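Coordinate inspection notes
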Amino acid sequence: MEKNGKIFVAPPKDGSDFKELFKQLAAAGAGRPLGSDGFPQGPWTPELLAEAISQIDSNRIGVDLRTVQLWFQENEKGISTSNIRWLARIFGCDDPVATSEWQMELSAAQLRLTAKRRDSKRAGSSTALRVPDMPPPVVDNQTRPAGRQGFNLARTSEALFTRGSPLNLPASVFAGASALGFLSYIVGIHSATYGRADGVVKQVGFLWAPNWTFLFMVLLPLFFALVTELLVFWKDEGRLRLTGHSEKMESDDAWARNVEASSYTYWAVFLICVLFAGLFQWIGVCLIPLINGGGNYAVDWGKLAIVRPEFISAPMTIVFTGLAYLYMCLCFYLLFAGLILLHTILHDLWKVEEGSKMRLDEYRRAGGEIGLRVMRGIFRCTILGVLVAICMKAQSAYLASNGEDILTWLANDMSSAWNGQRNDSNSFSYRMPTHYSSLLVAISSCVGFLYGSIRFGKRFHAPLWKMSAVVALLFASYLLIDAFDGFSILLGTGTLLATYGLFDPEFGRWRANELGSNQSVS
């Protein structure tokens, strides 16, 4: 039958499910234009059908080719409500009455497919578990995909960033640091000094250690907030726009598979953070010196009981340091989990752009806007990660220096550079494991930004070279901490530029926006 110059097939109304119905219509080429000789041009292919749907005038967002390919395949995937509308337009040959009939037929066929799939799952579950009436687990009216049941560290870690309010994770980390601060007041080590063998009196109080206060109360909450913001944007907006606004459930499933692909990485990082950075480091750096005395480690609040037992007893210190190191290792696991998620976003962005229909101008513009926004978010997180490493290394270097407190130590280093006098900052040689752990944090923080710069450097050359210069300067500032007199000048310069970059990652975008606003007004 012909309608509007196209092949028209009336709805069969034979009780077929969506897969059966679609297979028949695609083979018949329903909705395809007739050839010049008046004969059908052949069956639908995924490419032809995706192009035909995308060319519908009222459909500005088109359809993802991968979504159409799922309709052709023998699987349990159905069709979304929005795509039923466009497929009905195709099968209805742009006739309003025929389109309405096909829309009802496709909707009923999709319901039959869902019911058949649910019955099949229920039957399989009943046979395996011998519980006849137990339904399969359902998620959003769809059965849970196989392989996603049970505990999964990767999905659980990702959920910590995306479930609930975006303030949950930053507020939890801030609350933990605040609790440790209050406990330090209670046990009396919030502010404490001790006289070293060379006569230097050093401030080693808990609240004077930036790697336990500023790091956990400012830097990490900001890092988690930015990761959450970027992650939610990518899942709920950016990914859907680049894939042609395909069904959100399909997009979420694809993202979940990308997250689960890194499961071994999450477990490796978790074991390293909990066992080595947490348990083993606490035993070697705190527990053994507190029990046996000695140890070639610089005295800090965790070992104050060795030199000033009147401040705090060894048993109390063991309990406090145990809680602090447990909190620290869990927070650092979340830091590395955030970095893994950032890398997953970048890799997913690259794969989606490679597979999307980017030949249209609107898709290219959307890809550019989304890609640049992702890179701005990655840059901010990289800056915060390196600042975390700087806090760790600076505190470790201060404990081995001649400075009375960390602020005086930095001020004396800066003044020695201006005055041209040598600053003998180190007189003791200690074992400093924090130097190594901070290096791991600094390198890991830069990996994602480096990966994104390689993938998208040609597209965002102008803004990326500014961001790269700031990251390189900040990383060099970290490496050169306590390496020469006046290092604090370089450190301060890098920190100031990096802090400005948190507000204006493109270094000039605010001014450009202001000029654009003035020109539009005039």
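Summary of the structure given here. Keep in mind it's a predicted model, so treat the numbers as computed, not measured.

**A few points about the overall build of the chain**
Regarding its fold elements, the chain presents 18 helices and 6 strands. Scored against the burial criterion, the 522 residues of the chain give a buried share of 49%. Pairs at least 24 residues apart make up 73% of the contacts formed inside the chain by residues separated by at least 6 positions. When the accessible surface of the chain is summed, it comes to about 25,100 Å², and 61% of that surface belongs to carbon and sulfur atoms.

**A few points about the side chain of D348**
Residue placement: D348 occurs in helix α12 (residues 314-355). If sequence neighbours within four positions are ignored, D348 has contacts with W234, R239, W255 and N258.

**Observations concerning the packing of helix α15 (residues 433-456) against helix α16 (residues 461-479)**
As a packed pair, α15 and α16 sit with axes 11 Å apart at the nearest point and diverge in direction by 165°. In terms of axis orientation, α15 runs roughly antiparallel to α16. When you trace α15 past α16, the crossing you get is left-handed. Residues H435, S438, L439, A442, I443, C446, F449, S453 and F456 of α15 pack against L464, M467, S468, V471, F475, Y478 and L479 of α16. Broken down by class, the residue content of the contact of α15 with α16 amounts to 12 nonpolar, 4 polar and no charged.

**Remarks on the pattern of salt bridges**
Summed over the entire model, instances satisfying the criterion amount to 14 salt bridges. Linking R112 and E105 is a salt bridge whose minimum nitrogen-to-oxygen distance equals 3.9 Å. For R308, the salt bridge identified is with E310, shortest N-O distance 2.2 Å.

**Considerations on unusual backbone geometry**
Its identity is not glycine, yet N4 carries a phi of approximately 55°, on the positive side. Summarising the element assignment, N4 is placed in the loop between β1 (2-3) and β2 (6-7). A positive phi angle is found at C93, which is not glycine, with a value near 55°. The buried category is assigned to C93, whose relative accessible area is 0%.

**Structural notes on helix α4 (residues 81-91)**
All buried positions along α4 are accounted for by N83, I84, W86, L87, A88, I90 and F91. Where α4 terminates, the next one or two residues include C93, which has phi positive at roughly 55°.

Procedures and definitions
- Residues numbered from 1 in each chain as written.
- Predicted model: local features only at pLDDT ≥ 70, side-chain atom pairs only at ≥ 80, totals over all residues.
- Heavy atoms only, no water.
- Helix = DSSP H or I, 4+ residues; strand = E, 2+ residues; numbered from the N terminus.
- Buried < 20%, exposed > 50% of the residue type's maximum accessible area, 1.4 Å probe, protein only.
- Contact = heavy atoms within 4.5 Å.
- Areas by Shrake-Rupley, 256 points an atom, 1.4 Å probe, with all protein chains shown as cover.
- Axes fitted to C-alpha atoms, helices over the stretch in contact; angles between N-to-C directions.
- Parallel < 35°, antiparallel > 145°, perpendicular 65-115°, else oblique.
- Left-handed = near helix turned anticlockwise from the far one by under 90°.
- Nonpolar A, V, L, I, M, F, W, Y, C, P; charged D, E, K, R; others polar.
- Salt bridge = Lys/Arg side-chain N within 4 Å of Asp/Glu carboxyl O.

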